[in-house]
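In case you want the letters, here they are:
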Amino acid sequence: MALYNFKKIMVVPTAKEFIDITLSKTQRKTPTVIHKHYQIHRIRHFYMRKVKFTQQNYHDRLTQILTDFPKLDDIHPFYADLMNVLYDKDHYKLALGQINIAKNLIDNVAKDYVRLMKYGDSLYRCKQLKRAALGRMCTILKRQKSSLEYLEQVRQHLSRLPTIDPNTRTLLLCGYPNVGKSSFINKVTRADVDVQPYAFTTKSLFVGHMDYRYLRWQVVDTPGILDHPLEDRNTIEMQAITALAHLRAAVLYVMDVSEQCGHTLQEQLELFNNIRPLFANKPLIIVANKCDVKKITELSEENQKIFADLSVEGIPVIETSTLTEEGVMQVKTEACDRLLAHRVDTKMKGKKVHDVLNRLHLAMPTKRDEKERPPFIPEGALTRRKAMEVDAPKRKLERDLEMELGDDYILDLQKYWDLMNDDEKQDKIPEVWEGHNIADYIDPDIMKKLQELEKEEELKERAGEYDSDDESEDEEMQEIRVLAKQIREKKQLMVVESKEKDVHGPRMPRTATKVERKTLEKEMGNLGLDMNDKDGSHYAQQARRSRSIAKKRKREASAPPTSKTRSQSASRPPRDQSVSFLLLLILSQMKGMNRQGKKGEADRHVFDLKPKHLLAGKRKSGTTDRR
Amino acid sequence: MPQNEHIELHRKRHGYRLDHHEKKRKKESREAHERSHKARKLIGLKAKLYHKQRHAEKIQMKKTIKMHEQRKTKQKNDDKTPEGAVPAYLLDREGQSRAKVLSNMIKQKRKEKAGKWEVPLPKVRAQGETEVLKVIRTGKRQKKAWKRMVTKVCFVGDGFTRKPPKYERFIRPMGLRFKKAHVTHPELKATFCLPILGVKKNPSSPLYTTLGVITKGTVIEVNVSELGLVTQGGKVVWGKYAQVTNNPENDGCINAVLLV
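Quick caveat, the model's predicted, so the values are computed rather than measured. (Residues numbered from 1 in each chain as written. Chains lettered and ligands numbered in written order. Predicted model: local features only at pLDDT ≥ 70, side-chain atom pairs only at ≥ 80, totals over all residues. Heavy atoms only, no water.)

## Topic: a positive patch on the surface
- A cluster of basic side chains, namely Lys-25, Arg-28, Lys-29, Lys-618 and Lys-620 of chain A together with Lys-46 of chain B, defines a positive patch on the protein surface.
- With 3 residues, the single largest contributor to the positive patch is helix H1 (residues 15–29) of chain A.
- You can see Lys-29 of chain A is positioned in helix H1. (Patch = residues over 30% accessible without salt bridge, like charges linked within 9 Å, V, L, I, M, F, W, Y side chains within 5 Å. Areas by Shrake-Rupley, 256 points an atom, 1.4 Å probe, with all protein chains shown as cover. Salt bridge = Lys/Arg side-chain N within 4 Å of Asp/Glu carboxyl O. Lys, Arg positive; Asp, Glu negative; His and termini not counted. Charge placed at Lys NZ, Arg CZ, Asp CG, Glu CD. Helix = DSSP H or I, 4+ residues; strand = E, 2+ residues; numbered from the N terminus.)

## Observations concerning the packing of aromatic side chains
All names here are of chain A.
- A complete count under the given rule lists 9 aromatic pairs over all chains for this structure.
- A ring pair is formed by Phe-46 and Tyr-47, whose centres lie 5.0 Å apart and whose planes are at 90°; its orientation type is edge-to-face.
- With a relative accessible area of 4%, Tyr-47 lands in the buried category.
- On the basis of an interplanar angle of 45° and a centroid distance of 5.8 Å, the ring pair of Phe-272 and Phe-279 is categorised as tilted. Both residues of the pair, Phe-272 and Phe-279, belong to the buried class.
- A network of ring pairs unites the aromatic residues Phe-6, Phe-78 and Tyr-79 as a single cluster.
- The positively charged end of Arg-61 is found above the aromatic ring belonging to Phe-18, 6.0 Å away from the centroid. (Phe/Tyr/Trp six-rings, centres within 6.5 Å; stacked < 30°, edge-to-face > 60°. Buried < 20%, exposed > 50% of the residue type's maximum accessible area, 1.4 Å probe, protein only. Lys NZ or Arg CZ within 6 Å of the ring centre and 35° of its normal.)

## Topic: helix H11 (residues 328–349) of chain A
All names here are of chain A.
- In this model H11 runs 32 Å from its N-terminal to its C-terminal C-alpha over 22 residues, within 8% of the 32 Å that 1.5 Å per residue would give.
- All of the buried residues in H11 are Val-328, Val-331, Lys-332, Ala-335, Cys-336, Leu-339, Leu-340 and Arg-343. Along the axis of H11, the buried positions cluster into a sector of 150°, meaning they face one direction only. (Expected span 1.5 Å × (residues − 1). Arc of directions from axis to C-beta.)

## Things to note about the pairing of strand E4 (residues 180–185) of chain B
Residue and element names in this part refer to chain B.
- Where burial is concerned, the two faces of E4 differ: the one with Ala-181, Val-183 and His-185 is buried and the one with Lys-180, His-182 and Thr-184 is not.
- With 6 bridges connecting them, E4 and strand E5 (residues 190–201) associate as antiparallel partners. If you follow Thr-184 over to E5, its bridge partner there is Thr-191.
- Taking the residues that link successive antiparallel strands as the turn, the E4-E5 hairpin has 4 residues, and the phi of Lys-189 there is positive, at about 60°.
- As paired strands, E4 and strand E10 (residues 255–258) are joined by 3 bridges and run parallel to one another. The residue of E10 that forms the bridge with Val-183 is Ala-256. (Pairing = 2+ DSSP bridges.)

## Here we look at the interface of chain A and chain B
- With 26 residues of chain A at the contact, the number on the chain B side is 23 residues.
- Between chain A and chain B, a total of about 2,200 Å² is buried, with carbon and sulfur atoms accounting for 49% of that surface.
- Joining chain A to chain B, the criterion identifies 3 salt bridges.
- The salt bridge partner of Lys-12 of chain B is Asp-194 of chain A, with a shortest N-O separation of 2.7 Å. (Contact = heavy atoms within 4.5 Å. Buried area = accessible area lost by both parts, 1.4 Å probe.)

## Notes on unusual backbone geometry
All names here are of chain A.
- Despite not being glycine, Asn-178 shows a phi value in the positive range, around 75°.
- Considering the arrangement of structural elements, one finds Asn-178 in the loop between strand E1 (170–175) and helix H7 (181–188).
- Judged by its relative accessible area of 24%, Asn-178 falls in the partly exposed class.

## Points about the confidence of the model for chain B
- Chain-level statistics for chain B give a pLDDT mean of 88 and a share of 88% at 70 or above.
- Listed scores for the predicted complex are pTM 0.67 and ipTM 0.79. (pLDDT = per-residue confidence, 0-100.)

## Digging into the sheet that holds strand E1 (residues 133–138) of chain B
All names here are of chain B.
- Pairing in this open sheet of 3 strands is mixed, and the strands run E1-E2-E3 from one edge to the other. Across the chains shown, the open sheet's two edge strands, defined by having one partner strand only, are E1 and strand E3 (170–171).
- As paired elements, E1 and strand E2 (residues 144–150) share 5 bridges and run antiparallel to each other. Directly across from Thr-138, in E2, lies its bridge partner Lys-144.

## Describing the packing of helix H2 (residues 40–68) of chain A against helix H5 (residues 123–142) of chain A
Residues and elements named next belong to chain A.
- Between H2 and H5, the shortest axis-to-axis distance is 8 Å and the interhelical angle comes to 10°. Judged on the interaxial angle alone, H5 and H2 are roughly parallel. For the pair H2 and H5, contact is made by Ile-43, Arg-44, Tyr-47, Lys-50, Val-51, Thr-54, Gln-55, Tyr-58 and Leu-62 and by Leu-123, Cys-126, Lys-127, Lys-130, Ala-133, Leu-134, Met-137, Cys-138 and Leu-141, respectively.
- Residue composition of the contact of H2 with H5, by class: 12 nonpolar, 2 polar and 4 charged. (Axes fitted to C-alpha atoms, helices over the stretch in contact; angles between N-to-C directions. Parallel < 35°, antiparallel > 145°, perpendicular 65-115°, else oblique. Nonpolar A, V, L, I, M, F, W, Y, C, P; charged D, E, K, R; others polar.)

## A few points about the sheet that holds strand E3 (residues 215–221) of chain A
Residues and elements named next belong to chain A.
- Spatial ordering of the open sheet is given by E2-E3-E1-E4-E5-E6, a layout of 6 strands whose pairing is mixed. Among the strands making up the open sheet, the edge pair consists of strand E2 (206–212) and strand E6 (317–319). Across this sheet, the average inter-strand angle for adjacent strands is 25°, counted without regard to direction.
- The pairing of E1 with E3 spans 4 bridges and is classified as parallel. Residue pairing across strands places Leu-172 opposite Val-220, the latter belonging to E3.

Here it is in structure tokens:
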């Protein structure tokens, strides 16, 4: 059994769109280049591929439509019936059947033409066969235009149906139009159903959720039912009947006591008796709505008798008013309790219960003595419970205050503070005082703590903890201490002074000046290094190598230094004095090698022999002078 | 959760966005610019398809405009009464006399003897042997070339059995054997899918007629019992001739016109 999600059905395209999409997909996703002179098997394969690709796409999309739409036999009978009422089972099945037939026909067409293409001996013939095949498939789909349109409408409506769980706890509201069913559901749940003075405002089922006794309950609002036989009922009323017939719920039959809905109480009773058979095996409650306009006690004798008869039969009649909210909670609790009891009963009668019951065991502790140990309820809870029962007037809420004052209302939480001096409640509190953060010192016990600290300090002082150890030291030590302090101070002064002195003046770094060869040799010799091989040494070789450049550099050094401005063009040295041509060559080569990440001149490694951006893809619009 | 007509309900309660109407109006007015941009910038296959569609749209628009202007523009009306229609009291009461029937029969027989019929395609390109028959090489060294395979669509009868493969000279592959043809009635303008009874004449060569090769211009006999035609004498007509009007090997189907 496939799990259906009515909201996740894929969009059904129109016939024209469907054809356009599939054909353009074939054109884009299959190879497009073929020539007369290719081998015949290649030509055949090329066109066969196109035919099969188109067939595959059609097949896939049509199969998806067929699997997405629910089979009326696979879903819960409530939904099957609802869909029959809304969309007509026959039409629905026919439409899906047509799609299935179209799918099979397309498959057959592709099979035939692929078989024929095996005998194609020229490009022209294969091409014509492919054209005939694709054309045939598209014609088949063009004929499904009306089916596809119908299925798209069904899908849109289906995705907006409310998700009603047929197996969970449900309360069902029914009655004449305009009696107050939608107002009731608006009061009890968070559903926002439209409430209007004209009849048939609610045109389909609405569901809302509420909580009672830590359980989730569904409340289903139905469109109003009029009193005529089943065959004459229209689609809107049939939805209500379907809900009544299939959902195992507590039924709340809503009646309008004031007869403002336009139907007398007698008519409402008639309807009640007519649809009575649908209430079999369901807990039933009569909700006498609009009692703020007219109470039952104000009615005429015969009308009061109606309600009396109903309560005699055992059906609770509860007066409510959705406007003043009296009795609404009562109805809710009564209905929920009855439904729970009913459900528990049915479960107890069933077979599955014993599995669970066998595993449950309530252990009661055995009495060890005669002492009474009742449960402990604190006094505050008792008083509160009493207050709740009596429905005593609660203290005035901020909300009520807000309603009263309207625009003048300002939220003032400072009035709830518990201070020693009540006048100080509205005082402004500064944040900083004498350089201290007031927030750091806020503590309800701060005065107490301060006093304790002071007491401690006094004790400590008295005990002599803060007396210094001066007497234990002899005079020598004291003198030494004084001297040491003086020395330290003097030292610090000297350091600061020396730092201020500038002995050497501004200094060049050691590497800035050139070292003469003979000074280098003399110093190294003095240090003890063996200076015999002077010409073969590295510095000598370097000197010889860079003599030519050094000469040039000398000339540059003698030229007056030009001031360096921001724009290079003005301050570049003139051409004949610039860097040599050879150096330029070398430099440009280095630049190119650096950019390509080459290790050296001889590095000819190509990282990407077939770059994708040059070789992949079709030749679409644009120039083709690059490959 | 959003149920049933929540969008409409929201619109009813809260109205539209403050700029909704403005945005809508501007979007609609931009459509003309977008359409012209598309028409100018599209290239390739998409452009061809778009221009074709647009051309058809424009023709319709022009017609409606003209109709609105003149209110006298006549358009093709299929329900028009045919020319030469005569009111009932002027019709000849007499039916066809027997002499007329006899003379028609004699004329038919003379035509058949002469072998000329009035056919929709009087002249057809003759198909050479190299086109229709492909040489199949056989033998141990693939040197013998006496077998031929038919490359066009053909019809073989119901009780057809091949000759033993060693001796069969003409191979008619199963993939190219067709049993049904799409036959159009020229006056009714309706097309039916009728089973083929046989190949009467292939204009290219009598050899093809015996082989049953169907090419463009071939006259075939089809089973018209579906149509329920009845002769003057009350006999049911169940076989009629039709001429093939397309190249079946290129289209994968046989389209023919009934010879009335």
